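# Descriptive analysis of the structure
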2 protein chains.
Amino acid sequence: MLPTVREARQDDWPQIWPIIRNVITQQETIPYDPGMSEPDARRTWLLPAPARVVVAGDQVLGTANMYANRGGPGNHVASGTLMVAEEARGKGVGRALTTDMIDWARRSGFAAVQFNAVADTNTAAIHLYESLGFVTLGTAPRAFRHPVEGLVGLRIMWLDL
Amino acid sequence: MLPTVREARQDDWPQIWPIIRNVITQQETIPYDPGMSEPDARRTWLLPAPARVVVAGDQVLGTANMYANRGGPGNHVASGTLMVAEEARGKGVGRALTTDMIDWARRSGFAAVQFNAVADTNTAAIHLYESLGFVTLGTAPRAFRHPVEGLVGLRIMWLDL
């Protein structure tokens, strides 16, 4: 059974921050500044409405935020970012978060979801997104410095709703 | 002769703002919120270093800002946005701004420049970028609501440095 996803509260932050800190310092999946301070991370992640922030699990096993990818004449396409705690990977947490994001985008009236920067080496995420119908629009070549794999591509992925 | 490009000063803002206001309210090229207030536009456009903001012309005919497209392991790719005053189009202002941006990205050590959202209908920009060596990595279909053309694609364009 997939973990439950619910909207994050301010008091979830102490459980969210270790997940983000671990993901950004490992630098393997998401192009965020690994030196980001906790206050900056909190401001960056806990976006105010109409953006939305969620957590998965009773104990927080993962988190996602979601928002319009662009403004004005581009605000009918959603985007978002999700992170799963290292110890909880492979258990459907990412799937629960992505499914929830798609449901939110659809009921909010978005026409599509665009992921702007999926590391080519993040095959678990790519397979998950493809299993939910996402396609790759293109790949920015060598746009991500993986600590082990070196320069790898960043995919732009897309789901029509 | 192409107009001169120089770094913007705070006191250029009164000449920059009418260009931005016109571009975003026309909603034909750039997916920004057309209702953006002047203070929000100023904060959004006049980014602090290490980002850079420039103007073209003695009278300001155009403006650009430029920055790392992503953080951490993605911060070796630059991005930017440029806007040209309606009355100054077709006179090389966009070319001067783009050439300046490429020069800045190269001397700052970036490996590439990525434009994330070039409207498919903005053929002047696409031809300009292609003439400077940019290629289209992919197109987000129907991701831009053009006021006349309806739903059009947003190209992701790329230049290796």
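Before going into details, it helps to say that this report is about the structure given with it. Bear in mind that the values here come from a model prediction, so they are computed numbers and not experimental data.

## Quick look at the packing of aromatic side chains
- In this structure the tally under the stated criterion is ten aromatic pairs over all chains.
- Ring geometry for Trp13 of chain B versus Trp17 of chain B: centroids 5.9 Å apart, planes at 20 degrees, classification stacked. Residue Trp13 of chain B and its partner Trp17 of chain B are both found in helix α1 (residues 13–26); the two are separated by four residues, about one turn of the helix.
- Look at Trp13 of chain B and you get buried, because its relative accessible area is 2%.
- With a centroid separation of 5.2 Å and an interplanar angle of 40 degrees, the aromatic rings of Trp104 of chain B and Phe110 of chain B are classed as tilted. We note that Trp104 of chain B, like Phe110 of chain B, is buried.
- Ring-pair connections join several aromatic residues into one group, and the members of that group are Phe115, Tyr129 and Phe134 of chain A.

## Details of the side chain of His76 of chain A
- Take His76 of chain A: it is sitting in the loop between β3 (62–68) and β4 (77–84).
- At 2.8 Å, the side chain of His76 of chain A and the backbone oxygen of Arg142 of chain B are in polar contact.

## So, the pattern of salt bridges
All names here are of chain A.
- Overall, the coordinates contain 18 salt bridges over all chains when judged by the stated rule.
- Put simply, Arg155 and Asp120 hold a salt bridge, and the shortest N to O gap is 2.7 Å. Of the two residues, Arg155 sits in strand β7 (residues 150–160) while Asp120 sits in the loop between β5 (112–119) and α4 (123–131), which places them 35 residues apart along the sequence.

## Points about the interface of chain A and chain B
- Counting residues at the interface gives 31 residues for chain A, matched by 31 residues for chain B.
- In total, chain A and chain B occlude about 2,200 Å² of area from one another, counting both sides; carbon and sulfur atoms represent 58% of this.
- Three residues stand out in chain A for area buried against chain B, namely Arg70, Pro73 and Arg145 of chain A, and they jointly supply 28% of the buried area on that side.
- Summed over the shared surface of chain A and chain B, the number is two salt bridges.
- A salt bridge links Asp160 of chain A to Arg142 of chain B; the shortest N-O distance between them is 3.1 Å.
- At the junction of chain A and chain B, the tally comes to 14 residue pairs in polar contact (both at pLDDT 80 or more).

## Side note on the pairing of β3 of chain A
All names here are of chain A.
- Counting buried positions along β3 yields five of seven residues, so the element is predominantly enclosed.
- Examined bridge by bridge, strand β2 (residues 52–56) and β3 share five bridges and lie antiparallel to one another. In the sheet register, Val53 faces β3, and the bridge partner there is Asn65.
- Here β2 hands over to β3 after five residues, with Gly57 in that stretch at a positive phi of 95 degrees.
- Bridge analysis of β3 against β4 gives seven bridges, and the strand direction is antiparallel. Bridging from a neighbouring strand, Ala68 pairs with Ala78 of β4.

## Some thoughts on the pairing of β2 of chain A
- Counting buried residues along β2 of chain A, five of its five residues qualify, which places the element largely inside the surrounding structure.
- Going residue by residue along β2 of chain A, you find Arg52, Val54 and Ala56 of chain A tucked away on one face and Val53 and Val55 of chain A tucked away on the opposite face as well.

## Details of the packing of helix α3 (residues 93–107) of chain B against helix α4 (residues 123–131) of chain B
Residue and element names in this part refer to chain B.
- Look at α3 against α4: their axes get within 10 Å of each other, and the N-to-C directions meet at 45 degrees. If you check the angle between α3 and α4, you find them oblique. Every pair of crossing elements has a handedness; the one defined by α3 and α4 is right-handed. Between α3, through Gly94, Arg95 and Thr98, and α4, the contact on the second element is made entirely by Leu128, Tyr129 and Ser131.

## Concerning the sheet that holds strand β1 (residues 5–7) of chain B
Residue and element names in this part refer to chain B.
- Across the sheet, which stays open at both edges, the seven strands sit in the order β1-β2-β3-β4-β5-β7-β6 with mixed pairing between neighbours. Here the strands that pair on one side only, and so sit at the sheet edges, are β1 and β6 (135–146). Across the sheet, the mean angle separating the axes of adjacent strands is 25 degrees when strand polarity is ignored.
- Where β6 meets strand β7 (residues 150–160), eight bridges bridge the pair, whose relative direction is antiparallel. Residue pairing in the sheet places Gly138 in a bridge with Ile156 of β7.
- Strand contacts of helix α2 (residues 38–45): β2 (52–56), β3 (62–68) and β4 (77–84), with the helix running at about 55 degrees to β3, the strand carrying the most contacts.
- Its contacts with the sheet place α3 against β1, β2, β3, β4, β5 (112–119) and β7, and it is angled at close to 160 degrees to β4.

Analysis parameters
- Residues numbered from 1 in each chain as written.
- Chains lettered and ligands numbered in written order.
- Predicted model: local features only at pLDDT ≥ 70, side-chain atom pairs only at ≥ 80, totals over all residues.
- Heavy atoms only, no water.
- Phe/Tyr/Trp six-rings, centres within 6.5 Å; stacked < 30°, edge-to-face > 60°.
- Helix = DSSP H or I, 4+ residues; strand = E, 2+ residues; numbered from the N terminus.
- Buried < 20%, exposed > 50% of the residue type's maximum accessible area, 1.4 Å probe, protein only.
- Polar contact = N/O pair within 3.5 Å; in protein donor to acceptor, adjacent residues only side chain to side chain.
- Salt bridge = Lys/Arg side-chain N within 4 Å of Asp/Glu carboxyl O.
- Contact = heavy atoms within 4.5 Å.
- Buried area = accessible area lost by both parts, 1.4 Å probe.
- Pairing = 2+ DSSP bridges.
- Axes fitted to C-alpha atoms, helices over the stretch in contact; angles between N-to-C directions.
- Parallel < 35°, antiparallel > 145°, perpendicular 65-115°, else oblique.
- Left-handed = near helix turned anticlockwise from the far one by under 90°.

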